[in-house]
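# Structural description and commentary
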Amino acid sequence: MNAIFEGIGASVRRKEDLRFISGRGNFVDDINRPGQTHAIIKRSDRPHAKLISIDTAVAKAAPGVIAVFIAADMEKDALGGIPCGWQIHNKDGSPMAEPPHPILASGKVRHVGDPIAVVIAETRQQAKDAAELLDIVFEDLPPVATVRDAVRPGAALVHDGVTGNTCFDWHIGDKDLVDAAFARATKVVKLDLTNNRLVPNAMEPRAAIGEFDPMSDDYTLYTTSQNPHVIRLLMGAFVLHLPEHKLRVVAPDVGGGFGSKIYHYAEEAIVTWSAGKLKRPVKWTCDRTEAFMSDAHGRDHDSTAEMALDAAGNFLALRVRTLCNMGAYLSTFAPAVPTYLYATLLAGVYKTPAVYAEVHAVFTNTVPVDAYRGAGRPEATFLLERLMDVIAHDTGHDRVALRRQNFIPADAFPYQTPVALNYDSGDYQTTLTKALEYAKWDEFPARRAAAAAKGKLRGIGISTYVEACGIAPSKLVGQLGARAGLYEVANVRVHPTGSVTVFTGTHSHGQGHETTFAQLVSDQLGIPISQIDIVHGDTNKIPFGMGTYGSRSLAVGGSAMVKAMDKIITKGKKIAAHLMEASVEDIEFKDGKFSVAGTDKAKTLAEIALTAYVPHNYPIEELEPGLDETAFYDPKNFTYPGGCHVCEVEIDADTGVTTVVGFTAVDDVGRVINPMIVEGQVQGGVAQGIGQALFENAVYDDQAQLVSASFMDYTMPRADSIPNILVGTETTLCTHNPLGVKGCGEVGAIGSPPAVINAVVDALRDFGVRHIDMPASPQKIWSIIQAGRPQMAAE
Amino acid sequence: MPSVTLTVNGKSHTVDIEARTLLVELLREKLSLTGTHVGCDTSQCGACVVHVDGVSVKSCAMLALQAEGTDVLTIEGLAAADGTLHPMQEAFREHHALQCGFCTPGMVMSAIDMVMAHPEGMTEEDIRHNLEGNLCRCTGYHNIVKAIAAAWPVMHGKELVAAE
Ligand code: FES
Ligand code: FES
């Protein structure tokens, strides 16, 4: 049917690219509404203080100012606070502490960046100038800067009434079984490690425009979101008390998300509510500095891991204790990240029979922490894969052999882990073997010697991982505390002349859905992708949807499309049977044609569609006209991508600067629809992982001031700090969704950080180094080299 | 209110502006050329790169008044009148050098200037080094580097020997 193959498996060039390379993207800040006003948010520069008074009079009188709103104005309208979408229960069964999260700070500010007031003016500059005129009196309180500070006896309380700053103290696994295994172990290897705090930094800063139509009482919110329907639900039902039919949320082109644009943020509620008050559109666009102190951050764990081994190096049990940071307030999915997206992955790719993890989540005077690319799985992977190398170091095992010996074998799937998950498929030996082969692992000693001859320290490291994505079965996540279902929705509309529009509840902000999904539809319906449009990001167009995160779009959203297309084909067969006077059982659908088995009688999809919309000769008694079907798909399980990453580094002994000289990723992401896009997703994720391992760090000083709040202070990976990234795929199919797909959006960021640190530690193996926390900055490495210099001549 | 006269994408404009208006604000807000983006407030990201008199400039780091009498080229002005794309635009699409597309206009404008400034050829390392002023959070740069290397011979009408 198609002249050029553009179905499943083809590296089709992206349909969305033309508008982006021509400067015709449609990002929120590119949108301007008639009569629009501009909002500036006044934020706290104090980490923790009582709000004694806010005098808005001078600001209100400034040129161009239309309104200034503070918390008290919102309280008059009885607005709700920002809700949290996930409830965790403590070890004793009691629910987590869930302190109020006001839209604008009320009574107290709790982190640098906490919004206090909104100033709305005719121009952005006027609003900015007026915001400087607000007179705010604070009474400083002692700040809580880190997780360690939060749990210190006598620590200040971020929220009055939240004892010990504890959000929850949760656990998973069989403690007794683990304790018993430790009691009979011949060797216990212990490692303390931190997972550094990161700022997601999508290149497009967040933005929002609220609009109110007094003729219909309808509100519209344009927002930089990964999930417009979720925002409509959270903001409408819990914050502004607006029914869904009166609220439209549009997320147009969005410039990257990486998790940070999942959450319902205060600014969305502020512009929507203000637009209703002022009867004029209100636009807000975030500055980068503002983004650093208001976008949800990621990671920030402090952990202790212990592995019990027998004499042969078999893992007997794993014990983990993690202290994690929630920040000052609970962001939308924050409680899920260090629990069900983290501790459930602590079996990893290993057949460790018993695992027990305790997770203590605390509040601090810092920006809220939530999911960032990988969300919990990078933290689990870093812990496990660092622990693997430390076990090898402490016991003298070869690090590859140790992993192989303990892998879950390929014939053991489906595999039930001791921490709740049931892996459906995987083959960790094969991805490891391939990765070592592509990375020329066996020839590494020669490369190390050559580097040494130039005075460079060369190291190589691996990481073997599994993750859980394709989020997620609604019933299961409901039991685990989610306050939402995590199915996906697709509406497939075949138009009268046979072209197709697909409305999906997922959202594309770089993933290339307009292309990948079109390929999927082309494959199933046998029409060229030029005849297919994918529409996302508008609650008025799409029936419903839960959005894009947790690498779920293809596994869940794509499966919903398959279900909807199955309905189209089933209906089409009935129409075809009527037209060709055959029985439905004899109709076959293939390559875009309905044919009568064993004859040359056939009708194209376009002919059937036309009949459906012009039903002159039609089985009207049994069948409604039209060819337009909607399906909801709720997955049966998570999907489990896995693989092996190999990193090779060279360290300049004089400066401590690490250069990544090679990176190989071999990932099993299930069936691949567009290899070009998958490769790009992995490369982007790996770059973020290298960023975490070597450069990035969100730093608070002991007064809880964010000192890395710009691109001058927060080191983003740049073109000259990232190598070429070799990507391979090895496929085992997902066994429970119709496409066999697993997801590729996060694997790069999940597998890579420990591979990098393992390589760095390997490069420094002659200096007696056992572990280095991220980021492995030149200063850290230089200090290690200085301390250990005498041994260097040995190589 | 002062005014500025300049040519943008071949069209002359005279605009009244506040003196503190940045070139990027003039382009986006006064001329509705929203292809040029703002990704930071410290001149670090390069999302705002345009050409001023043929040279790439971070338009967030230049006052609009400083552009008086200049010839400015933005991403919207790159393709030919008949829609034929510039070879760099083509290369970005062909090599999947963009994901969310937010950094792309600045990347493309920087890349064109870089290639024109290096008629002698470029190694991969040269390209990476010259991209230092442009941040991309999506691609990991791999395909951007490939796209620029691929556009070089098309733009210079000869083979790129030095790259790879
Ligand atoms: S906007 Fe970031 S460099 Fe200009
Ligand atoms: S493509 Fe998204 S920032 Fe470069």
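Residues numbered from 1 in each chain as written. Chains lettered and ligands numbered in written order. Predicted model: local features only at pLDDT ≥ 70, side-chain atom pairs only at ≥ 80, totals over all residues. Heavy atoms only, no water.

## Examining the pairing of strand 4 (residues 55-58) of chain B
Residues in a regular strand point their side chains to alternate faces of the sheet. Selection criterion: At least two DSSP bridges between two strands are required for those strands to pair. Secondary structure elements follow DSSP: runs of H or I of four or more residues count as helices, runs of E of two or more count as strands, with numbering from the N terminus.
With four bridges connecting them, strand 3 (residues 49-52) of chain B and strand 4 of chain B associate as antiparallel partners. If you follow His51 of chain B over to strand 4 of chain B, its bridge partner there is Ser56 of chain B.

## Looking at the interface of chain B and chain A
As a reminder, the rule being used: In what follows, residue pairs with any heavy atoms lying within 4.5 Å of each other are defined as contacts. When two parts are put together, the accessible area they lose, computed with a 1.4 Å probe and summed over both, is reported as buried area. We define a salt bridge as a side-chain nitrogen of Lys or Arg found within 4 Å of a carboxyl oxygen belonging to Asp or Glu. Counting of polar contacts relies on pairs of N or O atoms within 3.5 Å, with two restrictions inside protein: one atom must be capable of donating a hydrogen and the other of accepting it, and residues adjacent in sequence are counted only when both atoms are side-chain atoms.
Between chain B and chain A, the residue contacts involve 45 residues of the former and 52 residues of the latter. Here chain B meets chain A over a buried area of about 4,200 Å², counting both sides, of which 52% is carbon and sulfur. Across the pair Arg28 of chain B and Asp30 of chain A runs a salt bridge whose closest N-O atoms are separated by 2.8 Å. Across the contact surface, chain B and chain A share 27 residue pairs in polar contact (both at pLDDT 80 or more).

## A few points about the pattern of salt bridges
Residues and elements named next belong to chain A. Quick note on the threshold: Per-residue accessibility, obtained with a 1.4 Å probe over protein chains only, is compared with the maximum for each type, and a residue is labelled buried under 20%, exposed over 50%, and partly exposed between these values.
What the rule picks out here adds up to 58 salt bridges over all chains. For Asp45, the salt bridge identified is with Arg46, shortest N-O distance 3.2 Å. A salt bridge links Arg403 to Glu385; its shortest N-O distance comes to 2.8 Å. Here Glu385 lies in helix 10 (residues 377-395) and Arg403 lies in helix 11 (residues 399-406), a separation of 18 residues in the sequence. An identical accessibility class is assigned to Arg403 and Glu385; each is buried.

## Considerations on the packing of aromatic side chains
All names here are of chain A. This is how the line gets drawn: The rule is short: rings of Phe, Tyr and Trp, with Trp giving its six-membered ring, pair when the centres are within 6.5 Å, and they are stacked under 30 degrees, edge-to-face over 60, tilted in between. A ring is considered to have a charge above it if a Lys NZ or an Arg CZ atom is located within 6 Å of its centre and within 35 degrees of its normal.
Following the criterion strictly, the structure yields 19 aromatic pairs over all chains and no others. Ring centres of Trp86 and Phe333 lie 6.5 Å apart, and the angle between their planes is 75°; this geometry places the pair in the edge-to-face category. Note that Trp86 is positioned in the loop between helix 3 (71-76) and strand 4 (108-109) and Phe333 in the loop between strand 14 (315-327) and strand 15 (354-363), a separation of 247 residues in sequence. Of the two residues examined, Trp86 and Phe333, each falls in the buried class. Ring geometry for Phe212 against Tyr219: centres 4.7 Å apart, planes inclined by 50°, an arrangement best described as tilted. In terms of burial, Phe212 and Tyr219 fall into one category: buried. Taken together, Phe315, Tyr350, Phe407, Phe413 and Tyr428 form an aromatic cluster joined through their ring pairs. The ring of Tyr265 has Arg206 sitting right over it, with the charged end atom 3.6 Å from the ring centre. Across the ring face of Phe182, the terminal group of Arg319 is positioned such that the distance to the ring centre comes to 4.0 Å.

## A short note on the sheet that holds strand 2 (residues 49-55) of chain A
Residues and elements named next belong to chain A. Taking strand neighbours across the sheet as the criterion, the three strands line up as 4-2-6 in an open arrangement whose pairing is antiparallel. The sheet terminates laterally at strand 4 and strand 6 (135-140), the two strands that pair on one side only. Strand direction decides the pairing type here: strand 2 and strand 6, joined by six bridges, are antiparallel. Within strand 6, the residue paired with Lys50 across the bridge is Glu139.

## A closer look at the sheet that holds strand 3 (residues 65-70) of chain A
Residues and elements named next belong to chain A. Convention followed: Axis lines are fitted to C-alpha atoms, over the contacting stretch for helices. Their N-to-C directions set the angle, which ranges from 0 to 180 degrees.
Sheet architecture is open: seven strands sit in the order 3-5-1-12-9-10-11, paired in mixed fashion. Each edge of the open sheet carries a strand with a single partner, namely strand 3 and strand 11 (247-250). Each strand of the sheet is rotated relative to its neighbour by a mean of 20°, with strand direction disregarded. For strand 1 (residues 37-43) and strand 5 (residues 115-121), the ladder comprises six bridges, and the chain directions are antiparallel. When the sheet's bridge partners are listed, Lys42 is paired in strand 5 with Ala117. Along the sheet face, helix 8 (residues 266-278) touches strand 1, strand 3, strand 5, strand 9 (207-213), strand 10 (218-223), strand 11 and strand 12 (282-285) and points at about 30° away from the line of strand 9.

## Let's talk about unusual backbone geometry
Outside of glycine, negative phi angles account for most residues, and trans bonds account for most peptide bonds. Residues and elements named next belong to chain A. Cis peptide bonds are those with omega within 30 degrees of zero, and the linkage from Phe413 to Pro414 qualifies with -5°. Within the element layout of this structure, Pro414 appears in the loop between helix 11 and strand 16 (415-416). Residues Ile471 and Ala472 are joined by a peptide bond in cis, for which omega reads -5°. Take Ala472: it is sitting in the loop between strand 18 (456-466) and helix 14 (474-479). Positive phi, normally seen in glycine, also occurs at His241, with a value near 55°. Tracing the backbone shows His241 in the loop between helix 7 (228-240) and strand 11.

## Details of a nonpolar patch on the surface
Residue and element names in this part refer to chain A. What counts, and what does not: Think of a patch as exposed residues, more than 30% relative accessible area, with no salt bridge, where like charges cluster within 9 Å and nonpolar side chains (Val, Leu, Ile, Met, Phe, Trp, Tyr) cluster within 5 Å. In short, Shrake-Rupley with a 1.4 Å probe defines the accessible areas, and a residue's cover is counted only from the protein chains shown.
Taken together, the side chains of Leu610, Tyr613 and Val614 define a hydrophobic patch exposed on the protein surface, amounting to about 230 Å² of accessible area. Position of Leu610 among the secondary structure elements: in helix 17 (residues 605-613). The class of Leu610 is partly exposed, set by a relative accessible area of 43%.

## Thoughts on the environment of Leu764 of chain A
Residues and elements named next belong to chain A. Along the chain, the position of Leu764 falls in the loop between helix 19 (747-763) and helix 20 (778-788). A C-alpha to C-alpha distance of 39 Å links Leu764 and His509, two positions 255 residues apart in sequence. Contact partners of Leu764, with chain neighbours within four places excluded, come to Leu457, Ile651, Val769, Ile772, Ile781, Ile784 and Ile785.

## Quick notes on the domain arrangement of chain A
All names here are of chain A. The condition that has to hold: Note: domain ranges come from an automatic or database domain assignment.
Taken domain by domain, chain A consists of domain 1 (17-23 + 487-633), domain 2 (35-87 + 100-140 + 203-256 + 261-292) and domain 3 (301-471 + 637-794). The centre of domain 1, based on its C-alpha atoms, is set 39 Å off from the matching centre of domain 2. The interface is formed by 16 residues belonging to domain 1 together with 17 residues belonging to domain 2. When domain 1 packs against domain 2, close to 1,400 Å² is buried across both sides, 54% of that on carbon and sulfur atoms. It is His507, His509 and Thr539 that lose the most area in domain 1 upon contact with domain 2, and together they represent 39% of the buried surface on that side. Viewed at the interface, domain 2 and domain 1 are joined by two salt bridges. Two residues, Arg248 and Asp538, come together in a salt bridge whose shortest N-O distance is 2.7 Å.

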